[in-house]
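Read off the chains here:
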Amino acid sequence: MYRLFIVLFFGVMLTSCNSDVDAGEFVVGSDNLSVTNKVILIDTATVEVSTINFDSLVTSGQSRILLGNYEDPIFGKVNSDSYFQLSSSGYNLQTTSSDTEGANYVFDSIRMVLVPDRYYYGDTTKVQSISIHRLLQKVKSDSEDDTNFYNNSKFTYDPAALGTASFAPKPFTQDTVFVAIDNTFGEALFQKLKKREITTEDEFIEYFKGLVIRSTSANSSCVMGFNTAATLQLYYSKKVTDSKTSILKEFTITDASKQFNRISLDRTGTILKDLPGTTERLSSNLTENKSFIQSGTGLACRIDFPNIKQLKYITEKGAIVDAQLIIRPVNNSYSKSYPLADSLSVYVADKLNRLSGTLNSASGSPIYAVLNKDNDEFDENIGYSIPLGTFIQKEMVKTSDSKSALILTIPNISKAVDRLVLGNQKNVGNKIQLKIYYISY
């Protein structure tokens, strides 16, 4: 066993009569501490890094319309379209006692209004193009037990666009994007309301099932987020001699569960082209000593510790005092267009990539991988640090043969397309490091 580790011993003088050492789930009492205690630093334990793929992420109810596409030089072609159902507070036109059933009203115009929510990912210097299509199916789940919609959900739609628009993405300064909608569609909808053929939400949804907004840019290079306060605005007016009094009828997303984003990744020709199914993993040894994370498309980094149980054989009595995992982003894989996330979510999983919950501290609080932003000349200090004392101690003393792994994702995994490339133990310059502090007593 000693051949597996390079062991650095240093003595620790622990003289306080009232103190304990918290070794994860194991507490070393002050009665057991003496000048003969040794803390061993183990920094050569094997860490296996791989990439997994969650093939379905819940993207409904996320309060974001995510639109755009870009060709990532590492990950492949990313695309996001948004599906949603609309409704209104009422389905009557504005009428008066002298204007029964709105007989004197006429249709003017109709448009879609999209409001950016300041999220973007990629290069915003290229023009973004979108098209809006009428759904031919209701936004309704096929399952009674699962009413969610996912990043791979979709519904049929009319291939003929109701409206198109092109704009320069300005997520921080652009207030709205206006899309003119086909007047034939607008006139037909107006007549349905005017003739009182639609008076309830059910009747409205039966006639107008919803919309999908598609990203159609041939050379777009970013994905943008829009507020779900998107509005379909129908304008009509009452003729008064030669003048018109314009009236607005609005249709909005009132049910957040009926709006979702379809986010796809075409990995053809990339290093990730052979990514296996959801219960398997792709070793970083087969992907140039790199692992990959991407929100929206379901890519995540898996970390395994195959030899941790053997640590208990170092001494007859001992425990893990602390452990730190430092995982580093690969140089030149991030930039202003592809920035690093400030933190990563950390989950515990079994051998089939099934999550059992978040990684927690001894007190039960969720643990995050936090980015160290201290820059140096060669970016050697940039990395994510994860305290693993409790987790490693539990794995070491397990009596069963089962082993738990860690899964790393970027927060907001279901409403963004941020991505990250991480190095394994063989990655030159960006090696993952596991430091374990083991006390013998």
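Everything quoted here is computed from the prediction, not taken from an experiment.

Participant: Outline the side chain of serine 50, supporting the account with residue identities and numerical values.
Facilitator: Inspection of the secondary structure assignment puts serine 50 in strand β5 (residues 48-53). The exposure class of serine 50 is buried, given its relative accessible area of 3%. Here serine 50 is in contact with Arg281, Leu282, Ser283, Ser284, Ser291, Ala300, Cys301 and Arg302, once residues within four sequence places are set aside.

Participant: Mind laying out the pattern of salt bridges, listing which residues take part and the relevant values?
Facilitator: Enumeration over the complete set of coordinates arrives at 12 salt bridges. The partner of arginine 419 in a salt bridge is aspartate 72, with the nearest N and O atoms 2.8 Å apart. Taken as a pair, arginine 419 in strand β27 (residues 419-423) and aspartate 72 in strand β6 (residues 65-72) lie far apart in primary sequence, 347 residues in all. Like arginine 419, the residue aspartate 72 is buried in the burial classification. Put simply, lysine 273 and aspartate 274 hold a salt bridge, and the shortest N to O gap is 3.9 Å. We classify aspartate 274 as exposed; its relative accessible area is 55%. One network of salt bridges, in which partners are shared, links Glu48, Arg281, Arg302 and Asp304.

Participant: Help me get a handle on the environment of glutamine 310, residues and values and all.
Facilitator: Inspection of the secondary structure puts glutamine 310 in the loop between β20 (299-304) and β21 (318-327). By relative accessible area, glutamine 310 is classed as partly exposed at 30%. For the pair glutamine 310 and valine 397, spaced 87 residues apart in sequence, the C-alpha to C-alpha distance is 9.4 Å.

Participant: Tell me about the side chain of glutamine 259, and please be specific about residues and values.
Facilitator: Along the chain, the position of glutamine 259 falls in strand β17 (residues 259-266). Exposure remark for glutamine 259: the relative accessible area of 1% places this residue in the buried category. A distance of 3.0 Å separates polar atoms of two side chains, one belonging to glutamine 259 and the other to serine 82.

Participant: Please set out the pairing of strand β19 (residues 290-294) residue by residue, giving values where relevant.
Facilitator: Most of β19 is tucked away: four of the five residues are buried. When β19 meets β27, the two strands line up antiparallel, connected through five bridges. Across the sheet, the residue bridging to glutamine 294 is arginine 419, located in β27.

Cut-offs used in this document
- Residues numbered from 1 in each chain as written.
- Predicted model: local features only at pLDDT ≥ 70, side-chain atom pairs only at ≥ 80, totals over all residues.
- Heavy atoms only, no water.
- Helix = DSSP H or I, 4+ residues; strand = E, 2+ residues; numbered from the N terminus.
- Buried < 20%, exposed > 50% of the residue type's maximum accessible area, 1.4 Å probe, protein only.
- Contact = heavy atoms within 4.5 Å.
- Salt bridge = Lys/Arg side-chain N within 4 Å of Asp/Glu carboxyl O.
- Polar contact = N/O pair within 3.5 Å; in protein donor to acceptor, adjacent residues only side chain to side chain.
- Pairing = 2+ DSSP bridges.

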